[in-house]
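# Structure at a glance
Given next are the chains, with one letter for each unit.
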Amino acid sequence: MVKQISLDAWQIQHLSDLLEKGSNIVAKTNRPIVLYRQTLEEEEESYEEIVCTLTKGYVIEQMVTSGGILVPSFHQQFVFTIEEYPQELLRKSKDRFLEMIDFLDEQLK
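Just so it is clear, the structure is predicted and the values come from calculations on it, not from any experiment.

## Concerning the nonpolar core
Ranked by size, the top nonpolar core spans 22 residues in total, and within it Leu 15, Leu 19, Leu 35, Tyr 85, Met 100 and Leu 104 carry the most contacts. Excluding anything up to four places from it in sequence, Leu 104 contacts Leu 15, Leu 18, Leu 19 and Leu 35.

As structure tokens, then:
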């Protein structure tokens, strides 16, 4: 049990470090990094999705509806600091957490 807690703590710290590094790049380029997009629902030409972006110091999750004749609209928006987001993501989805580590490791080489 102790080893698992240590591994989780290390992974949370590792993701925090990667997000900080990405945030510094965003600050220099003024371009947010899209961490992931997840389509929740599709109907004909419209869809609802979650878009997660990394900005300077923050991770933003937005629920967006768009496509077809629909004007893009934001239904929900959650803003997390870089320090709190890894724990929130780990609580929501261990798979997504590990995918994000792999994605940022690859993007920030």
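## Let's talk about helix H3 (residues 94-107)
Over its 14 residues, H3 extends 20 Å from the first C-alpha to the last, a length consistent with the 20 Å expected when each residue adds 1.5 Å. Those residues of H3 that fall on the buried side of the exposure criterion are Arg 96, Phe 97, Met 100, Ile 101 and Leu 104. Each buried residue of H3 lies within a common arc of 145° when the element is viewed along its axis, so the set occupies one face. Those residues of H3 that are exposed and aimed more than 90 degrees away from the buried face are Asp 95 and Asp 102.

## A short note on the sheet that holds strand E4 (residues 70-81)
Judged by pairing direction, the sheet is antiparallel, and its four strands sit side by side in the order E1-E2-E3-E4 without closing on themselves. Each of the sheet's edge strands pairs with one partner strand only, and the pair in question is strand E1 (33-43) and E4. Here the strands of the sheet are splayed against their neighbours by 15° on average, with no regard to which way each runs. Pairing of strand E2 (residues 46-54) with strand E3 (residues 58-67), which is carried by nine bridges, proceeds in the antiparallel orientation. Looking at the pairing, Val 51 lines up with Gln 62 of E3. Helix H2 (residues 85-92) contacts E1, E2, E3 and E4 of the sheet and is inclined by roughly 115° relative to E4.

## A word on a negative patch on the surface
Residues Asp 17, Glu 20, Glu 83 and Glu 84 make up a contiguous surface patch of negative charge. Overall, Glu 84 belongs to the partly exposed group, its relative accessible area being 38%.

## Focus: the environment of Gln 62
Along the chain, the position of Gln 62 falls in strand E3. Sequence spacing of Gln 62 and Leu 19 is 43 residues, and the spatial spacing of their C-alpha atoms is 18 Å. If sequence neighbours within four positions are ignored, Gln 62 has contacts with Glu 49, Ile 50, Val 51, Phe 74, Gln 76 and Gln 77.

## Examining the pairing of E2
Counting buried positions along E2 gives seven out of nine residues, so the element sits mostly inside the fold. Relative to E2, E1 runs antiparallel, the two being bridged by nine bridges. Paired with Arg 37 across the strands is Val 51, a residue of E2. Counting the residues in the hairpin turn of E1 and E2 gives two residues, including Glu 44, whose phi is positive at 50°.

About the thresholds
Residues numbered from 1 in each chain as written. Predicted model: local features only at pLDDT ≥ 70, side-chain atom pairs only at ≥ 80, totals over all residues. Heavy atoms only, no water. Core = buried A, V, L, I, M, F, W, Y, C linked by side-chain atoms within 4.5 Å. Buried < 20%, exposed > 50% of the residue type's maximum accessible area, 1.4 Å probe, protein only. Contact = heavy atoms within 4.5 Å. Helix = DSSP H or I, 4+ residues; strand = E, 2+ residues; numbered from the N terminus. Expected span 1.5 Å × (residues − 1). Arc of directions from axis to C-beta. Pairing = 2+ DSSP bridges. Axes fitted to C-alpha atoms, helices over the stretch in contact; angles between N-to-C directions. Patch = residues over 30% accessible without salt bridge, like charges linked within 9 Å, V, L, I, M, F, W, Y side chains within 5 Å. Areas by Shrake-Rupley, 256 points an atom, 1.4 Å probe, with all protein chains shown as cover. Salt bridge = Lys/Arg side-chain N within 4 Å of Asp/Glu carboxyl O. Lys, Arg positive; Asp, Glu negative; His and termini not counted. Charge placed at Lys NZ, Arg CZ, Asp CG, Glu CD.

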